[in-house]
Structures are given as C-alpha cells and as structure tokens.
There are 2 protein chains.
Amino acid sequence: MEKFEVHILGCGSALPTTRHNATSQIINLRDKLYMIDCGEGTQMQYRRSRLSFSRLGHIFISHLHGDHCFGLIGLISTFGLLGRTATLHIHAFPELERLLQPQLDYFCEGLTFKVEFHPFPHGCTDVIYEDRSLSVRAFPLSHRVPCCGFVFEEKPTAAHINREMIDFYEVPISHLNRIKSGEDYVTPEGKVIPNSRLTTPAASPRKYAYCSDTAFNPNNVQYIKGADLLFHEATFAESEAARAKQTCHTTARQAAEMARLSGAKQLLIGHFSARYTDEKILLDEARTIFPNTLLAEEEKMFKL
Amino acid sequence: MEKFEVHILGCGSALPTTRHNATSQIINLRDKLYMIDCGEGTQMQYRRSRLSFSRLGHIFISHLHGDHCFGLIGLISTFGLLGRTATLHIHAFPELERLLQPQLDYFCEGLTFKVEFHPFPHGCTDVIYEDRSLSVRAFPLSHRVPCCGFVFEEKPTAAHINREMIDFYEVPISHLNRIKSGEDYVTPEGKVIPNSRLTTPAASPRKYAYCSDTAFNPNNVQYIKGADLLFHEATFAESEAARAKQTCHTTARQAAEMARLSGAKQLLIGHFSARYTDEKILLDEARTIFPNTLLAEEEKMFKL
C-alpha cells in the first residue's frame, strides 16, 4: 500500500503548554507533503519530525485563529533563508492574504520563492485542490469565526495487472497500459477477454477527514462520511460540555459520536484544552462511544 | 543582594533548530520582569521557565528581524486568553507598531488589556525607560537593518544604616530615612556626625548590556562600558569570520574582544548559528581572549 500518513506537529488548543504545541499536521501521501494549519512553533516541530522541508508544496489553513496560523510567517521566512525555490501554495480564506502579505513584504523581502495564495470562500464545499494523487475538499465547520474542515481523498489508482492471465492470453506488452486503465483485450482471433479477468482491482481510495475547530454538529456528517481516519477536535471532557458549547468546541464523547455517525474506520482526537495534564480521560470518554479511537500526540504518526 | 537575573528563553539565530529557539530573554530585577526580544516560540519557552506571566510589564525589541519579534503576536494573544488586565508596554522602532497593530486588530479583538507602543528612533542613544529600580538605555548596533542594543542599569539603592553607630550616637528613629538618603546627623548639642560614619555604602548599581545582532564594531564599546554582565552575539566561529562580516554578525572571538575592550566583568555569548551542533568551539575561542565567558543556553539563568 502506498504511503498515506498523518504526522502530528501540534495538537494543543489556544493556549500552548509545555506538553502540547499549537495545531499543525503534515499529510504524507506518496512522499508529497501537505500541511494542515500552522500554529506558532510549527517550523520547530516540523524540523523535529525530520520530514523534508522541500517536499511540502501546499498548506491548508482551517481558520484565522492564531493557534492555527501564527506559525506561517516564521515557516516562510525559514524556507527563504534555506533558499527554497519552489512556489509555496497557501489555501485559506481570503482574509489571510490581507493579513500575511504586509508581513511578507516587510520581513521576507527578496524571498527566493513565490508564495501563492489560493483563497476560497467561507462556507465553501468544493474541491479546492487536486493533483494526480489526491483531491482536497473544504467543508464548513461550526465555530465562533468562519472555519472549515478538509477531506483529503486519494485518487483511484490503476488496477494491478494479473501477470498469469496476461501470459495465458499472450497479451502483448504494448497493450498493458490500456488494460491497466480498464480496457478489455481483444485477441487476434477477435475474442474479447474482459478486463476483470486480466487485472485485480486496486485498493479502494483512502480518505482522511480533518475537523478542527468546531461545535458538535451532526449536520456536518455529510461531509466526512466513510473516512478511513477522522481527525476530530476533542477540546473538552464531558464535564465541560457547557463550556464546549459556549466556545463552539467539541467534547471527546461528541467527537466519538461524529465518528460513529459518519462511519469512520478510525478516530483520532486532538486540540486538547490546556487544563488536561493527562488526556486519558478524553480517550476513555470517546471509546465508550467509538472504541477505535486514538489520541493525537506531538511527533506521532498515524497511517491510513 | 537583590535579585538581578537574566533568563535565556532562546539563544539560536535566524534558523531555529531542535536545540535552540529564536532569541528571547527575561530580565528579573527584584521580581519585576522585562523581556528583550521575542522570537517565535517565546511564549512556550516562557511557560517552561516557570516565570510569572503577570510580572512582565515591558518588552524591548532590538530590531525587526523575524527571529527577534515573530513571537509577539502569540504572546499577546495568550495573555489575552488568560485575562491579563495590566497594560503591556512595547519599546521598539516605530515600524513595529505599524506591522503589529493590524494583527492585533484582527486576532486580538476584545483584548482585556492595553498594548502600548513606545517607539524610539533608529540610532537612539537615550534612556528609553526608567522606573524606581532601573533605567534602560538603547544604543545603536551595526547590523544589516536598523538595530539596537540595550543597557539595563540598576538605580543606586540607599546606603545601609550602621545599627551600632546609630545606637552609639543615639540617633532618633524619626531621622533614619534622612540618614539613609545621605544626610548627616546633628546631635542636640549641635555636633555634626558625617553620614559616612552612620552608614555603610550600598552595593554599586549593576549593569547588564545586551548586544544582538551586530557586526564587530569597537565604536560601540562606549555604550557598554563596565557591564557586570555583557550578553554579546557570537553567531560564528573564527573560521567563518568572512561570513560574519558579510552578514553583519560577530564571531565568538570578536565578542570576547568587545568584552575585553569594554571592561565587562563577565561575558555571555549566544545567537548561535544553526551550523554548530556543539557550541564548545565558540566558548573555547572566546575564552582565549576573555576567560570569564559563559555559553547561553535555553532554560538557563545567569545572575548579576
């Protein structure tokens, strides 16, 4: 199976602690890297992760609270000092460019690479980015300020050639690409060999859904259905349910409910409030609803 | 002796590494805290230091390179989330306000405290701040962009009463404050007892000088003369002297030369280039010129 990994650079919430950094994650799909959110200190955590700086091409920002974007200017400055040349693409609400550009102009004069903004509107439910290997769709979350989640979905890969059947029907090598892409084979005698006899189906495309920050809102299940891995914020324990509602955040139990309702295969919870010195209480509460739950943690990697 | 400490929050240079954070220091003078510079990640390092957030009243920014100021917005946001009410004073070149204010307006709406900017001009050599216990003077450094150093100087404290002599001359208690502040005592018989017989002199005021970032420039010795502790950047080893000159930084040996020329009691070097995985080479080079040299390090404290 090709690489599809989620690396946690930070999984704290608004107040960073000595245990948790502000939010940032890196998705590694087939050795291309994509960042989601970029709180203060992200560049240091990125360095700690030992992931390549140069393989990062795209950054997706969920919303304009500091703990999700204050690290951008430092990361970009550092890329500049390291002589990066490849364009860095930033996908975010339009306000980000207005806020970041004056800083770029002042602090990053003579930057060796281009920073390209790809704004998308509040409430967007479109695919905002795609390449050969994946598509990224935004969808609205329910926070105090405009906020969105992202679904990273692998593109279907070609079927695998069944070498024994290819030999049996004496299919010429020149036909293999067409068969990979789904065509049947017609023998010199005119006999049609259906594609399904010549190939084994590719693994079904994997899906990663990211939800942070948001109040509990079952209406959002439609956007995250059937994720192989669902990251969902779980800022609070159930004892703080009122506070969660008031601040438009989610309890661990509610995050688990979202995983159950959306048919996720696995749930990863994060964005922990600074009040918890041990997140086991959050994990335990989530697992009563959705047993296949994991705790995010800095420098940990989760495979899809 | 009253508390006068320098706490290192970060002593790396432009590229943060897994070993060093961007520049920031906290001066603790008699339990009032003053910050110099505030690179990315400062708030996390501050938390690690276990120093009080509420005792910080003033921040001094040496220049507008990211590794000296990108942490301000995050620190201020966090103070806001924690419900700070006391005004936070920021002393910096005028450009900082122009760059920071739009971010404060956007990200820190409804901030529970006031952020007050105290701009001072490029090339300033004035006392830019004073209170009952200290004065802070700015002075120009020699960097690629306008940059300044700071001298933190204790105010002289009152002389100590010599209890035995007070008893001997039967000085009434009501006279003690006047004697502390330097007056002589006149006995009921009209005999003048000189102040020097009634007191022992206070410790001489201590001085901390901070120089980062700067090229080696002996002209600047005039500003830092006689520091009890001199912090001086030592970005490079002597083998990189050309690079130091080109980038307007200092080698460890040159930092030591500044300490020697200015008659510092002790030298603390920092702002280490990311290329050194062990700064012992910098320490050794500095000590050939100025033996009483120490290496800055995150979470370390140096007393004056």
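The structure we're discussing is the one just above.
First, a word on what this report is: a plain description of the structure on this page. These figures come from a predicted structure and were not determined experimentally.

Observations concerning the sheet that holds strand S14 (residues 207-211) of chain A
All names here are of chain A.
And then number 1: Strand order in the open sheet made by the seven strands is S7-S8-S9-S14-S15-S16-S17, with mixed pairing throughout. The open sheet has two free edges, formed respectively by strand S7 (127-130) and strand S17 (293-295), since each of these has just one partner strand. On average, each strand axis in the sheet is inclined to that of its neighbour by 20°, with strand direction left out of account.
And then number 2: Sheet analysis places strand S9 (residues 148-154) next to S14, joined by four bridges and oriented antiparallel. Opposite Val-151, over in S14, you have Ala-209 as the bridge partner.
And then number 3: On the sheet, helix H10 (residues 252-262) packs against strand S15 (229-233), strand S16 (267-270) and S17 and is oriented at approximately 150° with respect to S15.

Details of the sheet that holds strand S1 (residues 4-10) of chain B
Two strands in a sheet stick together by hydrogen bonds in their backbones, pointing the same way (parallel) or opposite ways (antiparallel).
Residue and element names in this part refer to chain B.
And then number 1: The mixed open sheet is built from seven strands, whose spatial order is S6-S5-S4-S3-S2-S1-S18. Looking at strand neighbours, the two that pair on one side only are strand S6 (115-119) and strand S18 (301-303), the edges of this open sheet. Each neighbouring strand pair of the sheet contributes to a mean axis angle of 20°, computed without reference to strand direction.
And then number 2: In this sheet, strand S2 (residues 24-29) lies alongside S1 in antiparallel orientation, the contact comprising six bridges. Residue pairing in the sheet places Val-6 in a bridge with Ile-27 of S2.
And then number 3: The sheet strands contacting helix H1 (residues 42-49) are S1, S2 and strand S3 (32-38), and the helix crosses S1 at an angle near 130°.

Re the interface of chain B and chain A
And then number 1: Across the boundary between the two partners, chain B contributes 23 residues, which contact 23 residues of chain A.
And then number 2: Among the elements of the structure, H1, helix H3 (72-81) and helix H4 (95-107) of chain B are those that each provide at least two residues to the side of chain B that touches chain A.
And then number 3: Considering only residue class, the side of chain B that touches chain A consists of 11 nonpolar, nine polar and three charged.

Observations concerning the relation of the copies chain B and chain A
And then number 1: Here chain B sits on chain A after a turn of 180° about the axis and a move of 0.0 Å along it, with an RMSD of 0.1 Å. Put plainly, the chains are arranged around a two-fold axis. The position closest to the rotation axis in chain B is occupied by the C-alpha of Gly41(B), lying 2.6 Å away.
And then number 2: Here 100% of the interface residues in chain B have copies in chain A that are interface residues too; the copies meet face to matching face.

Conventions and cut-offs
Residues numbered from 1 in each chain as written. Chains lettered and ligands numbered in written order. Predicted model: local features only at pLDDT ≥ 70, side-chain atom pairs only at ≥ 80, totals over all residues. Pairing = 2+ DSSP bridges. Helix = DSSP H or I, 4+ residues; strand = E, 2+ residues; numbered from the N terminus. Axes fitted to C-alpha atoms, helices over the stretch in contact; angles between N-to-C directions. Contact = placed C-beta atoms within 7 Å. Nonpolar A, V, L, I, M, F, W, Y, C, P; charged D, E, K, R; others polar. Least-squares fit on C-alpha atoms with pLDDT ≥ 70 in both.

By themselves, these observations are geometric and do not establish any function.
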